[in-house]
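# Descriptive analysis of the structure
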Amino acid sequence: MKFKLTLMALLLLAAAQLNAQQTRTVKGTVTDAANNNPLPGVTIKAGNSNTLTQSGTDGSFSITIPEATQTLIFSYVGYADAEVSVKDVMNVQLTTADKSLNEVVVVGYGQAIKKEITGSIVKVGSKDIRDFPAPSFESALQGKAAGVVVESGSGKLGQGIKVRIRGTSSISANSQPLYVIDGLPVTTSSLSDPTNDASNPLADINPNDIESVEVLKDASAAAIYGARAANGVVLITTKKGRNNQKTVFELDANTGFSNPARLRHFLNGKQYVDLYNMAIKSDAQYDLDNDISGYPDLETAIADYTDAYATYGISLSDLAGGGDYNKINTDWQGLLYNRNAPSNSINLSATGGDAKTRFFASGFYNTQDAIVINNKFYRYGGRINLEHNPTDKLSFGINIAIDRSQLNRVTTDNAFSTPGQLVALPAIQPLYDPETGELNNNTLYPNSLFDAKYNSDRQVSNRTVGNVYANYNLLPSLSFRSEFGADILNLYQEAFQDKRTTDGAGIGKANNIIALSTSYNTNNYFTFTPKLGDKHKLSAVLGMSYLQNDTKQSLTNAEQAPSGKVQNLSGATSITFATSTNDRYNFLSYFLRANYVFNDKYMLTASVRDDGSSRFGPNNRYGIFPAFSAGWVLSEEDFLADSKTLSFLKLRASWGLTGNAEIGNNSYYSLYNISNYPELPGYIASQIPNPDLKWEKTAQSDVGLDFGLFNNRLSGEVDVYYKKTSDLLLNVNIPATTGYTTITKNLGNMENKGIEIGLNATAFSTKNFRWNIAVNAAYNKNKVLDIDGQIIESGFSLTQRAVEGEAIGEFYGQKYLGVDPETGDAQYLGEDGKPTTDFGSAARVTLGNSNPDWTGGITNTLSYKGIDLSFFFMGVQGNKVYNAGGTYQSSGFYNGFDNETTDMLKAWQKPGDITNVPRIGYFYATGYNNSSRFLYNGSYIRLKNVSLSYTLPSSFVTRLHLSSLRFYASAFNLLTFTKYPGDPEVNTQTTGNIGGGQDFYTIPQAKTFTFGINAKF
């Protein structure tokens, strides 16, 4: 027995020695061929086995391989694969020549290589998102993705952002895209105060956690999301760890400051006095010329009108509060802004993994003061993404983020309490009351500095977004994945209006909002990727999805708050209003997608989704949404294979059907409101039922061309598309004699058509210097085709419409034709096509659209050794912006003695004056009505971002026990080129479909400078 054990031990030792003799260890580094920078996370695989490893943060690797291995295969996302002969020490350089083709792109329920994609998808990487100085990541998409129009309503923080992908597809339903984070559709609807601007729940997401954003634009790409994809889909993928990589810590810290990017020019004290006297003279001259009062001469008329102004309590002395108006010059516009508003951010993350586990963990803290007073945003939280492979067949993991944010809000633009309306106060009104030394409360309009000082409006959000998942390989070609996720958003908003303020109305008020939105989602699907030979590739996904959302909200208003010491409901003595709501909706869906590739050049994709939703009537609860697409890589054909110029050419075509269900949760029911009249409770009918209500459908066709020239140094894509939305979910007008005013029906059609162009070029490349250029441009034309002859109006001030034959959002009103040089009267287009000075008889005509025809951007990136310089221009063309405040701030005092814009100094004064500013005056001014006089060309080009960074040499950084150290500085909204007198990138009505492009004392965008440091260790 002892002999047998000894023999067995000898045999095992011999086998171990034999095995040791059959392996070898290879070491080396992997770098970028363009700049010699190390490449971390490169996969290195033995050519004749499944042995693999990954390079570390410094690009180094070590791998033990069979002795018979002759080559190692190096692969890295965005770089060409390299197969290199084995040496004991290997220094391998990878090239990015085919980056655009080999790039991995996230699609619905899976991933794909860009070369094999037949739909229209645009990818925005983490570098374009992480350092952008805005609370929400959508702002970083602006100008980066062709066909994606992003409108930030103003420079206020936390405000909702309007995003349109290939135009507006609906009139009454929501046209925002669907957002999906790591497979989980997330809540994007505002839960805050409905009387204020919509807030943005996506601001809770930390941009530094985002690895990439893919925008699914055409129906082939988006139809896998079926009934929720008509407005496009935005897929957000967060960062993950890498297997066989030692833990890498990354610290990013930055600080910055902001100021308004562009301001209007208002009168100073002296100019205001001059304009005031000009107005008196103008009124007197008009009276004299038209023999209204029978004055003998102009001097007598001026003296009488000076007294008349004083009679109405609007003398210069009255406006100046009895002080010397010649010595008062208050810059009210300067008082509404924070000078050098600070911002600070710190992000710490850890990434790594071993052979079976990979992880990414992060924590962050951000503070940001808005350029407008009292508006601040704080955010902190953490994320952990963890995946484990206990066996070759099973993997499971968790992605979870917990964030907390606080938004200190200011009121909506159309409120005297908003800081933006401070500019209406004349410059000759003192900031402080000369008698009390306190803030002046005897101003022409309520002094919103009181609201800023004594009121508060704080919105706190706690949000948890995450999912758990498991993936099991049933066969080498068949896997099953199950996911369960939750998006839990809890909002608490508490506002207080002191009795000394405008909103406090002398009694003191408080209100409170509590909201809880809980979404649960599960996805369960099979992925089938059989081996069909060298020329055939097939992948298919079959599965189901279920989503349920519960939203509870309560709102309470109280009054009679005697003191500002207690700024909540308990400080008030009377509850004046209280309500609560509880809504639920759910979706049950089944989906199938198949992708087939033959010989790497012929591609077919087909998908179908069957969606059911609780939002629709029992007669039409389910809808089917199919899509088909094909691709042909012409550059693989023999007749192009030998081309020295053409590197890649692919033709794509697609058609698909998607849906829109964003109409609220109870639109098909018969609804009643509760009557709360004291001691007489009851119900009031409020909505007519419609059991036939169904999906709004958008059919979209797309033809695209992807190309690469000169070894892909110049590459790009061109898409032409046509979208037609039918069965519009429309709030249809009905006679009020029925007891109702509208009913939600499926009625009408609307179209969008356009072209998109994207180009990427390596303009210059050497070992030490590289210059890349990325350009995108998009044109979209919208038209309402049929809404049964209705005219649906919106707009803050100047009317905007949805009407057949026109684009949605078309401005409609009187057309201003300038000033009659003989009389100074404003002229308008008359019904007969001739000029008229009678505003009441002027024709109402279409005046232009708030949506741009063209949008685009151009990014230049230059790298020299460790220095990187990037500058990004973006712009829009073909849209109109209406200065809704113009009837007050440029009205010549007819609508009040607001401070006026400096262009009013060019007003008409005598016959023969050639000017575009009509006669002014308190009694006889002209041109003060809402008309195209205040409608401007909203086109602009903006230097959106300039960034400069320096990465220290690795030889120096290693002495600090770091793997990387980078310093950077950035400037945002640095320059703006536009004909609009204010900031063209504003919109008082941020999220509507019809209303847009209206500026009513709206806060401009911020110009921000940021300085930071990034270290890896």
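Anything mentioned here points back to the structure above.
Analysis parameters
Residues numbered from 1 in each chain as written. Predicted model: local features only at pLDDT ≥ 70, side-chain atom pairs only at ≥ 80, totals over all residues. Heavy atoms only, no water. Helix = DSSP H or I, 4+ residues; strand = E, 2+ residues; numbered from the N terminus. Rg over C-alpha atoms; globule rule 2.2 N^0.38 Å. Buried < 20%, exposed > 50% of the residue type's maximum accessible area, 1.4 Å probe, protein only. Contact = heavy atoms within 4.5 Å. Lys, Arg positive; Asp, Glu negative; His and termini not counted. Charge placed at Lys NZ, Arg CZ, Asp CG, Glu CD. Phe/Tyr/Trp six-rings, centres within 6.5 Å; stacked < 30°, edge-to-face > 60°. Pairing = 2+ DSSP bridges. Salt bridge = Lys/Arg side-chain N within 4 Å of Asp/Glu carboxyl O. Expected span 1.5 Å × (residues − 1). Polar contact = N/O pair within 3.5 Å; in protein donor to acceptor, adjacent residues only side chain to side chain. Core = buried A, V, L, I, M, F, W, Y, C linked by side-chain atoms within 4.5 Å. 1 Å grid on protein atoms, 1.4 Å probe; cavity = no way out; pocket = protein on both sides within 12 Å on 5 of 7 lines; lining within 4 Å. Points joined across faces, edges and corners; volume = space filled by probe spheres on them. Nonpolar A, V, L, I, M, F, W, Y, C, P; charged D, E, K, R; others polar. Patch = residues over 30% accessible without salt bridge, like charges linked within 9 Å, V, L, I, M, F, W, Y side chains within 5 Å. Areas by Shrake-Rupley, 256 points an atom, 1.4 Å probe, with all protein chains shown as cover.

## Topic: the overall build of the chain
- Along the backbone of the chain there are eleven helices and 52 strands.
- The C-alpha radius of gyration of the chain comes to 33 Å, within 12% of the 31 Å expected for a compact globule of 1017 residues.
- Referenced to the eigenvectors of the C-alpha coordinate spread, the extents of the chain come out at roughly 135 × 70 × 70 Å.
- The buried share among the 1017 residues of the chain stands at 53%.
- Of all intrachain contacts in the chain linking residues separated by at least 6 positions in sequence, the fraction that spans at least 24 positions is 69%.
- In the chain, which carries 86 positive and 94 negative side-chain charges, the distance between the mean positions of the two groups comes to 11 Å.

## A look at the packing of aromatic side chains
- Applying the stated criterion across every chain, the model contains 44 aromatic pairs.
- Between phenylalanine 61 and phenylalanine 74 the ring centres are 5.6 Å apart and the planes differ by 75°, which places this aromatic pair in the edge-to-face class. One end of the pair, phenylalanine 61, is in strand β4 (residues 60-66); the other, phenylalanine 74, is in strand β5 (residues 71-75), and 13 residues separate them in sequence.
- For phenylalanine 61, a relative accessible area of 6% corresponds to the buried category.
- Judged by relative accessible area, which is 0%, phenylalanine 74 ranks as buried.

## A closer look at the sheet that holds strand β43 (residues 835-836)
- Spatially, three strands are ordered β41-β42-β43 in an open sheet, and the strand pairing comes out antiparallel. The sheet is open, and its two edges are formed by β41 (816-819) and β43, each paired on a single side.
- Where β41 lies against strand β42 (residues 826-829), three bridges are found, and the strand directions are antiparallel. Paired with glycine 818 across the strands is glutamine 827, a residue of β42.

## Considerations on the pattern of salt bridges
- A full pass over the atoms with the stated rule returns 40 salt bridges.
- A salt bridge links glutamate 214 to lysine 123; its shortest N-O distance comes to 4.0 Å. Residue glutamate 214 is found in strand β15 (residues 210-216), and its partner lysine 123 is found in strand β10 (residues 121-125); the two are separated by 91 residues along the sequence.
- Since its relative accessible area comes to 0%, glutamate 214 is described here as buried.
- On the accessibility criterion, lysine 123 (28% relative accessible area) is partly exposed.

## A closer look at helix α5 (residues 298-311)
- Given a rise of 1.5 Å per residue, 14 residues ought to cover 20 Å, and the 20 Å separating the end C-alpha atoms of α5 matches this to within 8%.
- The inward-facing, buried residues of α5 abut α4 (269-289).
- For α5, the N-terminal cap is aspartate 297; the gap from its side-chain oxygen to the backbone nitrogen of glutamate 299 is 3.3 Å.

## With respect to the nonpolar core
- Membership of the largest hydrophobic core comes to 34 residues, with the highest contact counts inside it found for Trp332, Leu336, Leu422, Leu449, Phe811, Tyr882 and Ile1003.
- It is helix α8 (residues 448-454) that provides the largest number of residues to this core, a total of four residues.
- Sequence-distant contacts of tyrosine 882, that is, excluding residues within four places in its chain, are made with Ser797, Leu798, Phe811, Thr887, Asn930, Ser931, Phe934, Leu935, Tyr980, Gly997, Gln998 and Asp999.
- Counting 27 residues, the second largest nonpolar core, distinct from the first, contains Phe137, Ala140, Leu141 and Val186.

## Considering empty space enclosed by the protein
- For the structure shown, the criterion picks out twelve cavities of 30 Å³ or more.
- Empty space within the largest cavity amounts to approximately 370 Å³.
- As for the largest cavity, its lining consists of 31 residues, of which Ala134, Pro135, Ser139, Ser154 and Gln1005 are closest to the centre.
- Residue classes in the lining of the largest cavity are distributed as eleven nonpolar, 16 polar and four charged.

## What to know about the sheet that holds strand β13 (residues 178-181)
- An order of β10-β15-β16-β13-β14 is seen for the five strands of this open sheet, with the pairing classed as mixed. Single-partner strands in this sheet number two, and they are β10 and β14 (184-185).
- Sheet topology note: the β10/β15 ladder contains five bridges and is antiparallel. Looking at β15, one finds that isoleucine 121 is bridged to leucine 216.

## Points about the side chain of glutamine 159
- Checked against the element boundaries, glutamine 159 lands in the loop between β11 (148-152) and β12 (161-165).
- There is a polar contact of 2.6 Å between the side chain of glutamine 159 and the side chain of serine 154.
- Beyond its immediate sequence surroundings of up to four residues, glutamine 159 is in contact with Gly153, Ser154, Asp197, Ala198, Ser199, Asn200 and Thr990.

## Here we look at unusual backbone geometry
- A positive phi angle, close to 55°, is found at alanine 505, a residue other than glycine.
- Judged by its relative accessible area of 49%, alanine 505 is partly exposed.
- Even without being a glycine, glutamine 560 presents a positive backbone phi close to 65°.

## Structural notes on a nonpolar patch on the surface
- The grouping of Tyr472, Leu474, Leu475, Phe526, Leu542, Leu592, Val608 and Ile624 at the surface amounts to a nonpolar patch, some 690 Å² of accessible area in total.
- If one sorts the elements of the nonpolar patch by residue count, strand β22 (residues 456-475) sits on top with three residues.
- Looking at the element boundaries, leucine 592 is found in strand β26 (residues 574-598).
- Leucine 592 gets classed as partly exposed once you look at its relative accessible area, which sits at 38%.

## What to know about the side chain of glutamine 497
- With respect to the secondary-structure elements, glutamine 497 resides in strand β23 (residues 478-497).
- Setting aside residues no more than four positions away along its own chain, glutamine 497 makes contact with Asn455, Asp503, Gly504, Gly508, Lys509, Ala510 and Asn511.

## Observations concerning the pairing of strand β39 (residues 800-803)
- Burial along β39 is two-sided: Gln800 and Ala802 and Arg801 and Val803, pointing in opposite directions, are all buried.
- Taken together, strand β38 (residues 791-794) and the strand that follows it, β39, pair antiparallel across an intervening segment of five residues, in which glycine 795 is found at a positive phi of about 100°.
- In the sheet, β39 pairs with strand β40 (residues 810-814) via two bridges, with the strands oriented antiparallel. Among the inter-strand pairings, glutamine 800 is bridged to a residue of β40, identified as phenylalanine 811.

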